[in-house]
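# Geometric and topological summary
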Amino acid sequence: MIAGVVLAGGASRRMGRDKALVEVGGRPMAAHVLDALRANGFDGPIVYGGDPGALASLEVPVLPDAHPGEGPVGGVLGALGAVGKRSGVDAAIVVPCDIPRLDASVLAPLRERWVDGPPVDVVVARTDRIEPICAIWSVEVTDRVESAFRAGERALHRVLERVDVAEVEVPAAPLHNVNTPADLADVVDTSAAPDTYRPDTCSPDAV
């Protein structure tokens, strides 16, 4: 079983407010991401990190960040540790709260590769580059992620070098991060061309 996890523990410095609750189409960004996980049959899902009181409106479990301020690697490590305790869960799809256009065009191919392809440690999205913040992680790699984290590694793409990875080609537009008010304006502007959206998954505010 694959658990769904939305990372919401970032500082949101460039946005100036909690990105998980910034509205797109009248709903919090994190709600759109949760919808995408549910629509693809991922177990749960949960939100990892952020203020449980502030995020209560999302109506899902909100787990405290075990590694606050340590970026996506800390988020993935904490998420794997949390869902790995659930009976029957052998993997987690981990995505950030700030990609409100996430949809089946990204998630379905990842799930299909995980379920039907040869076994690997991680199935990760690829546009014109690898997108490590959108990936399915086996709970069996938790120790290796922790080892990298304890050694000071904070770049997810380097953590992926320590595990067996399958890449799945996906469209870029659904992975556009909304990190700033300008990014938000682009997302809500329906006249913006999708191919102008660029993911920014390695920024300090990516989660």
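Here the structure is a predicted model, which means the values were calculated and not measured. (Residues numbered from 1 in each chain as written. Predicted model: local features only at pLDDT ≥ 70, side-chain atom pairs only at ≥ 80, totals over all residues. Heavy atoms only, no water.)

### Here we look at the nonpolar core
Val47, Ile93, Val95, Leu102, Leu107, Leu110 and Ile136 are the most contacted members of the largest nonpolar core, which has 35 residues in total. For this core, the secondary-structure elements that each account for two or more residues are strand E1 (2-7), helix H1 (29-39), strand E6 (91-96), helix H3 (104-116), strand E7 (122-126), strand E8 (130-138) and strand E9 (165-169). Here this core gets six residues from one element, more than from any other, and that element is H1. When near neighbours in sequence (up to four residues on either side) are disregarded, Val95 contacts Val5, Val6, Leu7, Val33, Leu37, Leu102, Ile133 and Cys134. Grouped together as the second largest cluster of nonpolar side chains are 28 residues, Ala3, Val76, Ala92 and Leu156 included. (Core = buried A, V, L, I, M, F, W, Y, C linked by side-chain atoms within 4.5 Å. Buried < 20%, exposed > 50% of the residue type's maximum accessible area, 1.4 Å probe, protein only. Helix = DSSP H or I, 4+ residues; strand = E, 2+ residues; numbered from the N terminus. Contact = heavy atoms within 4.5 Å.)

### A word on the pattern of salt bridges
This structure, assessed with the given rule, holds nine salt bridges. Linking Arg154 and Glu70 is a salt bridge whose minimum nitrogen-to-oxygen distance equals 2.7 Å. Taken together, the residues Arg154 in the loop between helix H4 (142-150) and helix H5 (156-159) and Glu70 in the loop between strand E5 (62-63) and helix H2 (71-83) connect sequence positions 84 residues apart. Notably, a salt bridge pairs Glu131 with Arg129, separated by 3.8 Å at the nearest N-O pair. The exposure class assigned to Glu131 is buried, which follows from its relative accessible area of 0%. With relative accessibility at 35%, the residue Arg129 sits in the partly exposed group. A cluster of three or more residues bridged by salt bridges with shared partners is formed by Arg27, Asp35 and Arg38. (Salt bridge = Lys/Arg side-chain N within 4 Å of Asp/Glu carboxyl O.)

### Remarks on the packing of aromatic side chains
According to the stated counting rule, one finds zero aromatic pairs in the structure shown. The ring of Phe42 carries the charged tip of Arg111 above its face, separated from the ring centre by 4.9 Å. Directly above the aromatic system of Phe149 lies the positively charged group of Arg154, at a separation of 3.8 Å from the ring centroid. (Phe/Tyr/Trp six-rings, centres within 6.5 Å; stacked < 30°, edge-to-face > 60°. Lys NZ or Arg CZ within 6 Å of the ring centre and 35° of its normal.)

### Brief notes about H2
Helix length check: H2 (13 residues) gives 19 Å between terminal C-alpha atoms against 18 Å at 1.5 Å per residue, within 8%. Counting buried positions over the 13 residues of H2 gives 10, a clear majority of the element. Those residues of H2 lying buried are Pro72, Val73, Gly74, Gly75, Val76, Leu77, Gly78, Ala79, Leu80 and Val83. Looking at the buried residues of H2, the elements they touch are E1, strand E4 (43-48), E6, E8, H4 and H5. (Expected span 1.5 Å × (residues − 1).)

### Some details on the sheet that holds E4
Strand order across the open sheet formed by seven strands is E5-E4-E1-E6-E8-E7-E9, with mixed pairing between neighbours. Of all strands in the sheet, those with a lone pairing partner are E5 and E9, marking the two edges. For E6 and E8, the ladder comprises four bridges, and the chain directions are antiparallel. Bridge pairing in E8 links Ala92 to Trp137. Of the strands in this sheet, E1, E4, E5, E6 and E8 are in contact with H2, which crosses E1 at around 145°. (Pairing = 2+ DSSP bridges. Axes fitted to C-alpha atoms, helices over the stretch in contact; angles between N-to-C directions.)

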